[in-house]
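The residues making up each chain are set out below.
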Number of protein chains: 4
Amino acid sequence: MSHNTFGHLFRVTTWGESHGVALGCVVDGCPPGIRFTLAEIQAWLDKRKPGQSRFVTQRREDDLVKVLSGVMLDDDGETMITTGTPVSMMIENTDQRSKDYGEIARRYRPGHADYTYDIKYGIRDYRGGGRSSARETAARVAAGGLARKVVPGLTVRAALVQIGKHRIDRNNWDWNEVNNNPFFAPDPAIVPVWEDYLDGIRKAGSSVGAVVEVVAEGVPAGIGAPIYAKLDQDIASLLMSINAVKGVEIGEGFASAELTGEENADEMRMGNDGNPIFLSNHAGGILGGISTGQPVVARFAIKPTSSILTERRSIDADGNNVDVRTKGRHDPCVGIRAVPIGEAMVACAIADHYLRDRGQTGRLA
Amino acid sequence: MSHNTFGHLFRVTTWGESHGVALGCVVDGCPPGIRFTLAEIQAWLDKRKPGQSRFVTQRREDDLVKVLSGVMLDDDGETMITTGTPVSMMIENTDQRSKDYGEIARRYRPGHADYTYDIKYGIRDYRGGGRSSARETAARVAAGGLARKVVPGLTVRAALVQIGKHRIDRNNWDWNEVNNNPFFAPDPAIVPVWEDYLDGIRKAGSSVGAVVEVVAEGVPAGIGAPIYAKLDQDIASLLMSINAVKGVEIGEGFASAELTGEENADEMRMGNDGNPIFLSNHAGGILGGISTGQPVVARFAIKPTSSILTERRSIDADGNNVDVRTKGRHDPCVGIRAVPIGEAMVACAIADHYLRDRGQTGRLA
Amino acid sequence: MSHNTFGHLFRVTTWGESHGVALGCVVDGCPPGIRFTLAEIQAWLDKRKPGQSRFVTQRREDDLVKVLSGVMLDDDGETMITTGTPVSMMIENTDQRSKDYGEIARRYRPGHADYTYDIKYGIRDYRGGGRSSARETAARVAAGGLARKVVPGLTVRAALVQIGKHRIDRNNWDWNEVNNNPFFAPDPAIVPVWEDYLDGIRKAGSSVGAVVEVVAEGVPAGIGAPIYAKLDQDIASLLMSINAVKGVEIGEGFASAELTGEENADEMRMGNDGNPIFLSNHAGGILGGISTGQPVVARFAIKPTSSILTERRSIDADGNNVDVRTKGRHDPCVGIRAVPIGEAMVACAIADHYLRDRGQTGRLA
Amino acid sequence: MSHNTFGHLFRVTTWGESHGVALGCVVDGCPPGIRFTLAEIQAWLDKRKPGQSRFVTQRREDDLVKVLSGVMLDDDGETMITTGTPVSMMIENTDQRSKDYGEIARRYRPGHADYTYDIKYGIRDYRGGGRSSARETAARVAAGGLARKVVPGLTVRAALVQIGKHRIDRNNWDWNEVNNNPFFAPDPAIVPVWEDYLDGIRKAGSSVGAVVEVVAEGVPAGIGAPIYAKLDQDIASLLMSINAVKGVEIGEGFASAELTGEENADEMRMGNDGNPIFLSNHAGGILGGISTGQPVVARFAIKPTSSILTERRSIDADGNNVDVRTKGRHDPCVGIRAVPIGEAMVACAIADHYLRDRGQTGRLA
């Protein structure tokens, strides 16, 4: 879809800049009768919020979400019930630390979108990255909170599986550990390794990339569509739309290049309960663009942020060579905060395809 | 976009099944005044055609493309000129080898879309994979032939960079070699290695995955859009829509997870000609979703085809356990034929974004 | 939607020019399991076909439709069953009467799209009007034939209610009469009046406008959506997309400007069968963009064709003043043939909204 | 387009209910560099505001618009400059007069969307009509304020041309009069007639319909597209999406049914300045879906509001027969306030097509 909207029946439009008045989203196509509380949505936003450990940017943002439309309050005065009309959600920007942007307004930070925005639009909101700031993802996470409610029985979870060269041991995978450490690591053994490593990165004013894995369980079989509305295609598209993401995989992903057909095919058998069973899940829960009923598994790679304390060579808007060093708050591994964002994107893609299959009023739900 | 259409201003709709009467595409939004010959389009289709070496399926298809609408013939009787109306292209299916599909009609081949189509639609064209067949990609390649003409100065080329565990040596990269071997390999040194390896795979009735790299040169800076119309997002979406693709990367891709901010940022300097120069291209030609003017670089991983001669465990539509062995023509590495398809997808994505920027009549071209 | 496609879940793309090789449509999103015969589709095309009376153009077109994809043949060898993949239909152009277009190629016929196409595209297929020819509507009628099958119990019928100043007497309305005269008139008393009147128009080489009324019965209540996906909005959009249509009404239409709130509101009562009953249908079956369960009633006005035998003042592509007289076959009242086209458009709009509500696989059907 | 969004490149999404916290719109695709002041947008909203004469509802709404994103302030601290990112505008609801909705919550007002919303969604925001309230159109008018700025030289004006059976005399048409009376009448002679007539309607607690005419000047020739992206089609679609609109016409509209080809065709001649001149404008500025460069002329009919003080027969949500009388503030002719809304819709349609033609960054402007 175009510009600042994604989805076909569960449609999300986001708006807002880093240092503007507010940012938000309009969720159009959310079926009626979905029940949720503001606290539930806020909880997802809190997970994404910066400043929660020394390993992420110290920018303080309350990120308090408001629901402006599309719901009626239940008699408990707390539960919101969607009415089928657009759900508009807004997050006011509170920490717009006043500072002099004079220097950065004209200089292109290497690896940022400064240069390309100027080339494309001829004008750019340079304050905190403007529209290209990761602030925008707060709106995605709010939308994802609703999306999770659309598909009955759906669970979408993510975890960080790699920072720099340090990967988790998949044999240690424990979802219960994910919220017990500042990295969303599913492997407790990796936590001290990452702490050490990231402390070094942080003190050097440097940054490093990461990989996130998202797993969606409870996805009904038959969701998606062949050819250009493939479920994996839409997941890839949305994950790739997250700031700084440079790669996306489904199931075995790039590793499948090294596999043989015998190794890669997921065999099937009838289960004792009369339902088909897959004996493996190399496909990541999707065949021919359509869900198999197995967990949907996606991974994405986030590049290191280009905002580092070392001077880099660049140019300015007037065509002069300059050296640029990013001042201020610093994010040694933006991949950490990408975990709840990745969850939100996968939840939205699944909700959209669920509604394509079931209809916009979702009466089969 | 939805179902069987992609693109926002350069819109491609494909249709057709493997063993139906014909297949084709409608290219809507192609600007007027584009000049091309049927031979040019046919050349791209010939590159994708099966049966050209022992390393790909021996199915014989002529894949002769016809242009049914949207053009006027120039006075030379050969050059077609687009008029701005939909260009409908059709390829008739000629090698519909008659065979008994009775067995496969009810059995789900592991790793194929048989099961998911049946779950979703309750009915499935089992002949040759129906709509999920790679035959569909012939229509993409035809559309890509037009897309290449839309952006003045655009060149889109691809090469195979990995089969199984065997990767090319990037220091040997030579575009001139790509059409000199049956693998579209840019490194002549890898050719005998792959020949040996794939002969083994072929004789064993097995299959193996691969990785393709696509490079687009001549992409004007400023093409793309932030947030949900990112150029890299649309490229990822289209590459992921190709049959059997399980992963997509832009620029450094997954390798960026291991890089530091210093290593990954592409520094800039003013060139002697007064134009900005990037000193590296880790970003793959795209920053913030918008092209930088550098080459756009994308890679994608193709899983091994599940059509292998070894029996695999599966079920049938009646809920019985069965063992399935794919008979007939065999494709040891479907990744090879994905090379021209990847090119076509990237060309279409760039053409679409070019027109979003320049307008549907493309008068700035 | 854009360009040459309409619909959101039931999506129709048409292609082709008047004097090209062929024309056709791709119907994407047709649910699986729809059963139809080629003869059923052909019957709708035959109704639209020119040359069936002296009151329409004498151009001879067989308009034989072929189905190229998206179906499997049932065991009877005749019934087609949709599989959920795109249904491509094609009509080859057979009566491309060769003639010298030299004169008309450069001259703008007043009231035609010649001038605007040239201004927009800088190139134009002048043969028989090219893409702007009413030939394109054959593809719509084919798509409408499928759309009728999508909604169980749906009936869409249309009739001509006005030619020039001569209107039918609504008290005489009899659907059984519609196919008994060359005008699709529901009032047998108007037939001789129209015959006389149109014979005069025809002999004078002139033309005249008309009004068509479309009535859809069996539209389930609750189809449509508020604000920008109103059912009446989409019907209006599609009717207005038909060549030469200049006005569209729903229910009372423009007459509602003269009514009071008391006269216009449709009162309700509970019926004896426990279902709500509307005591009138001024709304034309739609309230707030959503169907009420009453018949959906739409009307549209068709201007007189500008192809007349009298010379009109115009200019040519070189900026010269010229006088233009349309030669060749002549259509005194194009509104007549608009009757089946209007039906097709309303059927498509309803099918699309039905699927938005029920889901693309339409399993609730 | 779907649900609560319209437009293809100039995309407007509206949200909000009559008695919710706020309502607003997100304008996505507005080109960068558009300069405007809040006062300019507010002026259009003020024109639409209720309570400005005794002939419209006395509901008091300040309708103060805020711009939340997508702009930077110029040095004058007042002029906003668009940056190419989404422009989010919000209007807080202030006059949410507290009242007991208990009765109306369960009763279906004849002619309102109460019944159809309940049938479709099973839940409905009954406060002030919820999403189906004409409050939503405030967001359209705000978006229209921006749209007017997108096309250089564009002027879009509208006037009321009919109330009940009383029509203006077109010979008296004077645009300067439109803002001199409470009806937006272009004919001063009709004003006392309408005053008398509407006073009677108002005192009787009744209501009546109306017709609005919109004229857009400065539309460049060549805007629009054939077949399903016709400019007139999109104008018709958007006008029909306005609450209570039941009919739409372009140029001669329904009157064209009574014209002959000789009368209806707009002849052309070369002007003294070397530009083509049309000798009449029966077409309403659009041929084959593409603008001719003449003024674009559209009309639409608004039904009388169903909110009247006379009891009407209806049912309630429990299936009981009830009698419903609308209490509270009353709008004798909703058509009056439709004038600025119609302008906004036509401006948005033209801006969208302008950008399709010129590209989303509108650099040709």
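Computed from a predicted structure; not experimentally measured. (Residues numbered from 1 in each chain as written. Chains lettered and ligands numbered in written order. Predicted model: local features only at pLDDT ≥ 70, side-chain atom pairs only at ≥ 80, totals over all residues. Heavy atoms only, no water.)

A. Local environment of the sheet that holds strand β6 (residues 71-73) of chain B. Residues and elements named next belong to chain B. Strands sit in the order β4-β7-β6 across an open sheet of three strands; the sheet is antiparallel. The open sheet has two free edges, formed respectively by β4 (35-37) and β6, since each of these has just one partner strand. Averaged over all adjacent pairs, the angle separating strand axes in this sheet is 35°, with direction ignored. Pairing of β4 with strand β7 (residues 79-82), which is carried by three bridges, proceeds in the antiparallel orientation. Each bridged residue has a counterpart across the sheet, and for F36 the counterpart in β7 is M80. Contacting β4 and β7, helix α1 (residues 38-48) runs over the sheet at an angle of about 65° to β4. (Pairing = 2+ DSSP bridges. Helix = DSSP H or I, 4+ residues; strand = E, 2+ residues; numbered from the N terminus. Axes fitted to C-alpha atoms, helices over the stretch in contact; angles between N-to-C directions. Contact = heavy atoms within 4.5 Å.)

B. Representation of the pattern of salt bridges. For the structure shown, the criterion picks out 116 salt bridges over all chains. Here A:R109 and A:D114 are joined by a salt bridge, their closest N and O atoms 2.9 Å apart. Take A:R109 and A:D114: they sit in the same class, and that class is buried. Salt-bridge contacts for D:D74 lead to D:R35; the nearest nitrogen and oxygen are separated by 2.3 Å. Linking D:D74 in the loop between β6 (71-73) and β7 (79-82) with D:R35 in strand β4 (residues 35-37), this pair joins segments that are 39 residues apart in sequence. Look at D:D74 and you get partly exposed, because its relative accessible area is 21%. Of the residues examined, D:R35 reaches a relative accessible area of 44% and is grouped as partly exposed. The network of salt bridges with shared partners includes A:R109, A:D114, A:D118 and A:R124. (Salt bridge = Lys/Arg side-chain N within 4 Å of Asp/Glu carboxyl O. Buried < 20%, exposed > 50% of the residue type's maximum accessible area, 1.4 Å probe, protein only.)

C. Structural view of the UniProt feature "binding site: FMN" (unreviewed entry) in chain A. The feature "binding site: FMN" (unreviewed entry), as annotated in UniProt, sits at A:R131, A:S132, A:S133, A:N243, A:A244, A:G288, A:K303, A:P304, A:T305, A:S306, A:S307 and A:R329 in this numbering. By the secondary structure assignment, A:S133 is in the loop between α3 (114-121) and α4 (137-150). For A:S133, the contacting residues outside a window of four places in its chain are A:S18, A:G128 and A:N243. In this structure the side chain of A:S133 is engaged in a polar contact, spanning 2.9 Å, whose partner is the backbone nitrogen of A:R135. Take A:N243: it is sitting in the loop between α6 (231-240) and β12 (245-250). With residues up to four places along the chain from it excluded, the contact list for A:N243 reads A:S132, A:S133, A:A134, A:E136, A:T137, A:R140, A:I302 and B:K230. (UniProt positions renumbered as here; feature names shortened; annotations may be inferred. Polar contact = N/O pair within 3.5 Å; in protein donor to acceptor, adjacent residues only side chain to side chain.)

D. Looking closely at the environment of B:L198. Residue and element names in this part refer to chain B. With respect to the element layout, L198 can be found in helix α5 (residues 191-203). L198 sits in the buried class, given a relative accessible area of 0%. Taking C-alpha positions, L198 is 7.8 Å from C333, a pair spaced 135 residues apart along the chain. Leaving out residues up to four positions away in the same chain, L198 has contacts with F55, I163, F183, V208, C333 and I336.

E. Examining the relation of the copies chain D and chain A more closely. The transform that puts chain D on chain A rotates by 180° and translates by 0.0 Å along the axis, for an RMSD of 0.0 Å. The superposition operator between the copies reduces to a two-fold rotation axis. The overlap is high: 100% of the interface residues of chain D also sit at the interface in chain A, so the same surface is used on both sides. (Least-squares fit on C-alpha atoms with pLDDT ≥ 70 in both.)

F. Focus on the relation of the copies chain A and chain B. Superposition record for chain A on chain B: RMSD 0.0 Å, screw rotation 180°, translation along axis 0.0 Å. Most of the interface of chain A is mirrored in chain B, where 100% of its interface residues again form contacts.

G. Quick peek at helix α4 (residues 137-150) of chain D. The terminal C-alpha atoms of α4(D) lie 20 Å apart, and with 14 residues this matches the ideal 20 Å at 1.5 Å per residue to within 8%. Summarising burial for α4(D): 13 of the 14 residues are buried, a large majority. (Expected span 1.5 Å × (residues − 1).)

H. Looking closely at helix α8 (residues 338-358) of chain B. Residues and elements named next belong to chain B. Taking 1.5 Å of rise per residue, the 21 residues of α8 would be expected to cover 30 Å, and the 30 Å separating its terminal C-alpha atoms lies within 8% of that figure. When you tally the buried positions in α8, you get 21 out of 21 residues, the bulk of the element. Note on α8: the residue one or two positions beyond its end, G359, has a positive phi of about 100°.

I. Structural detail: the UniProt feature "binding site: NADP(+)" (unreviewed entry) in chain A. Residues and elements named next belong to chain A. When the UniProt feature table is mapped to this numbering, "binding site: NADP(+)" (unreviewed entry) covers R48 and R54. Among the secondary structure elements, R48 is positioned in helix α1 (residues 38-48). Relative accessible area serves as the criterion here: at 1%, R48 is assigned to the buried category. Secondary-structure assignment places R54 in the loop between α1 and β5 (65-67). The partly exposed category is assigned to R54, whose relative accessible area is 41%. Residue contacts for R54: discarding those within four places in its chain leaves D199, R202 and P332.

J. Up close: the interface of chain D and chain A. Taken together, the contacts link 46 residues of chain D with 46 residues of chain A. Counting the surface lost from both chain D and chain A, the interface buries some 3,500 Å², and carbon and sulfur atoms represent 62% of this. Considering only the surface of chain D that becomes buried against chain A, D:H3, D:M72 and D:I123 emerge as the three largest contributors, covering 17% of it. Counting the contacts that link chain D with chain A gives zero salt bridges. Inspection of the chain D/chain A interface yields eight residue pairs in polar contact (both at pLDDT 80 or more). Of all elements in the fold, only β2 (11-16), β3 (22-28), β6, β7, β8 (87-92) and α3 (114-121) of chain D reach the threshold of two or more residues within the side of chain D that touches chain A. Element by element, the count of residues in the side of chain D that touches chain A is highest for β2(D), at five residues. (Buried area = accessible area lost by both parts, 1.4 Å probe.)

K. Local environment of the packing of aromatic side chains. Scanning the entire structure with this criterion turns up 26 aromatic pairs over all chains. Relative to B:F278, the ring of A:Y115 lies with its centre 5.6 Å away and its plane at 75°, an arrangement referred to as edge-to-face. Of this pair, A:Y115 sits in helix α3 while B:F278 is found in strand β14 (residues 276-278), placing the two residues in two different chains. The exposure class of B:F278 is buried, given its relative accessible area of 13%. (Phe/Tyr/Trp six-rings, centres within 6.5 Å; stacked < 30°, edge-to-face > 60°.)

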